[in-house]
Amino acid sequence: WPKGPMKYNLAIAMELPKFKPLRYRIELDSQVIETEAMLIAVGNGNSYGGGMKVCPSANIKDGELDYIVVNEISIPTLLGVFPKVFSGKHVHHPKVDEGRAKSVWLHAPGEQVWGDGEYLGESPLNIDIKPNSISIFGVRL
């Protein structure tokens, strides 16, 4: 409870009082980024979490991972940008970076890693894409 997008809205409201940027080291293929960010998301599909278009340019067929980095912003600014995630327009905000990579290594010392609401473990996390590694019959992608 609740179901759909409201579940994520409620989770955000509960998290906001303690939400602060974290120190990250990100390796994107051969590029290394060290930054403080509010959120980093990686996906090979363009939406998750009740229809949020977190990585709106992602294409499940292109063999690449898309990522977004929400750089340090104030909570009021974050609240103004958040509703745009349902249309994918959040990536046009100057504090949001997006890109593509075949491999993403993400480290935030001492932090937990979550994937679409599921606990995945502790940082660091390595994400690789393996193109054409699954065949789905009866579904046209």
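Structural notes, computed from the coordinates. These numbers were taken from a predicted model, which means no experiment stands behind them.

1. Focus: the overall build of the protein chain
Working step 1: Secondary structure summary: the protein chain contains two helices and eight strands in total.
Working step 2: Along the chain direction, N to C, the helices and strands of the protein chain fall in the order α-β-β-β-α-β-β-β-β-β.
Working step 3: Here the C-alpha radius of gyration of the protein chain, 15 Å, is about what a compact globule of 141 residues would show, namely 14 Å.
Working step 4: The principal-axis extent of the C-alpha atoms belonging to the protein chain is close to 45 × 35 × 30 Å.
Working step 5: Relative to its 141 residues, the protein chain shows a buried fraction of 30%.
Working step 6: Only carbon and sulfur atoms are counted for the fraction: they give 55% of the accessible area of the protein chain, which is about 9000 Å².

2. A short note on the layout of surface pockets
Working step 1: Estimated volume of the largest pocket: approximately 1800 Å³.
Working step 2: Lining of the largest pocket is provided by 44 residues; of these, Phe19, Met38, Leu39, Ile40 and Trp114 occupy positions nearest its centre.
Working step 3: Of all the secondary-structure elements, those providing two or more residues to the lining of the largest pocket are helix 1 (5-15), strand 1 (22-28), strand 2 (31-43), strand 3 (65-71), helix 2 (75-81), strand 5 (103-107), strand 6 (112-115) and strand 8 (125-128).
Working step 4: Residue composition of the lining of the largest pocket, grouped by class: 31 nonpolar, seven polar and six charged.

3. Thoughts on the pattern of salt bridges
Working step 1: The final tally for this structure, using the stated rule, is five salt bridges.
Working step 2: Linking aspartate 62 and arginine 100 is a salt bridge whose minimum nitrogen-to-oxygen distance equals 3.6 Å. Pair noted here: aspartate 62 is in the loop between strand 2 and strand 3 and arginine 100 is in strand 4 (residues 96-101), with a separation of 38 residues, a long-range link.
Working step 3: Residue aspartate 62 is classed as partly exposed on the basis of its relative accessible area of 27%.
Working step 4: Judged by its relative accessible area of 41%, arginine 100 is partly exposed.

4. A look at the side chain of histidine 90
Working step 1: Of note, histidine 90 is situated in the loop between helix 2 and strand 4.
Working step 2: You can call histidine 90 buried: its relative accessible area is 5%.
Working step 3: Residues in contact with histidine 90, not counting those within four places in the same chain, are Lys53, Val54, Pro56, Ile68, Val81, Lys84, Val85 and Val96.

5. Details of the packing of aromatic side chains
Working step 1: Overall, the coordinates contain two aromatic pairs when judged by the stated rule.
Working step 2: With a centroid separation of 5.8 Å and 80 degrees between ring planes, the pair formed by phenylalanine 82 and phenylalanine 86 is classed as edge-to-face.
Working step 3: Take phenylalanine 86: its relative accessible area is 29%, and that puts it in the partly exposed class.
Working step 4: Ring centres of tryptophan 114 and tyrosine 119 lie 5.4 Å apart, and the angle between their planes is 65 degrees; on these two criteria the pair is classed as edge-to-face.

6. Concerning the pairing of strand 1
Working step 1: Taking every second residue as pointing to the same face, the buried face of strand 1 carries Leu22, Tyr24, Ile26 and Leu28, while none of Arg23, Arg25 and Glu27 on the other face is buried.
Working step 2: Bridge count for strand 1 against strand 2 is seven bridges, and the pairing is antiparallel. By the bridge assignment for strand 2, arginine 25 is matched with glutamate 34.
Working step 3: The loop that links strand 1 with its antiparallel partner strand 2 comprises two residues; one of these, aspartate 29, has a positive phi angle of about 55 degrees.
Working step 4: With four bridges joining them, strand 1 and strand 5 adopt antiparallel strand pairing. Note on strand 5: the bridge partner recorded for glutamate 27 is tryptophan 105.

Scoring rules and cut-offs
Residues numbered from 1 in each chain as written. Predicted model: local features only at pLDDT ≥ 70, side-chain atom pairs only at ≥ 80, totals over all residues. Heavy atoms only, no water. Helix = DSSP H or I, 4+ residues; strand = E, 2+ residues; numbered from the N terminus. Rg over C-alpha atoms; globule rule 2.2 N^0.38 Å. Buried < 20%, exposed > 50% of the residue type's maximum accessible area, 1.4 Å probe, protein only. Areas by Shrake-Rupley, 256 points an atom, 1.4 Å probe, with all protein chains shown as cover. 1 Å grid on protein atoms, 1.4 Å probe; cavity = no way out; pocket = protein on both sides within 12 Å on 5 of 7 lines; lining within 4 Å. Points joined across faces, edges and corners; volume = space filled by probe spheres on them. Nonpolar A, V, L, I, M, F, W, Y, C, P; charged D, E, K, R; others polar. Salt bridge = Lys/Arg side-chain N within 4 Å of Asp/Glu carboxyl O. Contact = heavy atoms within 4.5 Å. Phe/Tyr/Trp six-rings, centres within 6.5 Å; stacked < 30°, edge-to-face > 60°. Pairing = 2+ DSSP bridges.

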